[in-house]
Amino acid sequence: MAAVDLATHPGHLARRLQQAHHLLWNTMVSEEITSPQYAVLNALVAEPGLDQRTVGERVGLDRSTIAEVVARLVGRGLLGKDRDPRDGRRFLLHPTADGERTHRKLTVRTARMNRVFLAPLDAAERAVFIELVRRVADAAESLRHPDGPDTPDRSDTPDGPDAPRGT
């Protein structure tokens, strides 16, 4: 069997884009704050007082990843947590003053990085590229949660497919 042309494989191209993004992020934006951490901070600057699950849905992170990202941001003093007065089991998240300053600084750097990242494209191509990537990403997200983002991943729930069955 002959080798395939990986330049026609979307997953291969997505991995290459991710590598380029990671390199640009680390050199132009931050070596300390990751892109997912920035996404969480950005979501909470836009809408302070969200719970962790909702923030994860807003930025497309699964439960274990959002938990780790939030823990790191809280540990760095960029996010604060307050117990939800309506549901004592939940915590509501908000950026701290340091978090807001960090967000402002990273937002400027991110805009500059995005210009470099998309420099091979003209303005019309950039708009088309963003729209197409968004559509593919949204479709991929729906594969993870076919019934919507609020549908739990059955393998993570106590009554999931591997849960012991009682009588």
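As the structure is a computational prediction, the values presented were derived from the model and not from experiment.

Draft legend 1. Just helix H1 (residues 10–29), in detail. Buried within H1 are the following residues: His-21, Leu-24, Trp-25 and Val-29. End-on, the buried residues of H1 take up no more than an arc of 105°, which puts them together on one face. Turned more than 90 degrees off the buried face of H1, the exposed positions are Leu-23 and Thr-27.

Draft legend 2. Main features of the packing of aromatic side chains. Evaluation of the coordinates by the stated rule reveals one aromatic pair. Ring centres of Trp-25 and Tyr-38 lie 5.8 Å apart, and the angle between their planes is 55°; on these two criteria the pair is classed as tilted. With a gap of 13 residues between them, Trp-25 in helix H1 and Tyr-38 in helix H2 (residues 35–46) connect regions that are remote in the sequence. Note on Trp-25: relative accessible area 4%, which makes it buried. You can call Tyr-38 buried: its relative accessible area is 11%. Over the ring of Phe-91 we find Lys-81, and its NZ or CZ is 4.6 Å from the ring centre.

Draft legend 3. Looking closely at the side chain of His-21. Looking at the secondary structure, you find His-21 in helix H1. Its relative accessible area of 16% is what places His-21 among the buried residues. With near-sequence residues (within four places) excluded, His-21 lies in contact with Ser-35, Met-113 and Phe-117.

Scoring rules and cut-offs
- Residues numbered from 1 in each chain as written.
- Predicted model: local features only at pLDDT ≥ 70, side-chain atom pairs only at ≥ 80, totals over all residues.
- Heavy atoms only, no water.
- Buried < 20%, exposed > 50% of the residue type's maximum accessible area, 1.4 Å probe, protein only.
- Helix = DSSP H or I, 4+ residues; strand = E, 2+ residues; numbered from the N terminus.
- Arc of directions from axis to C-beta.
- Phe/Tyr/Trp six-rings, centres within 6.5 Å; stacked < 30°, edge-to-face > 60°.
- Lys NZ or Arg CZ within 6 Å of the ring centre and 35° of its normal.
- Contact = heavy atoms within 4.5 Å.

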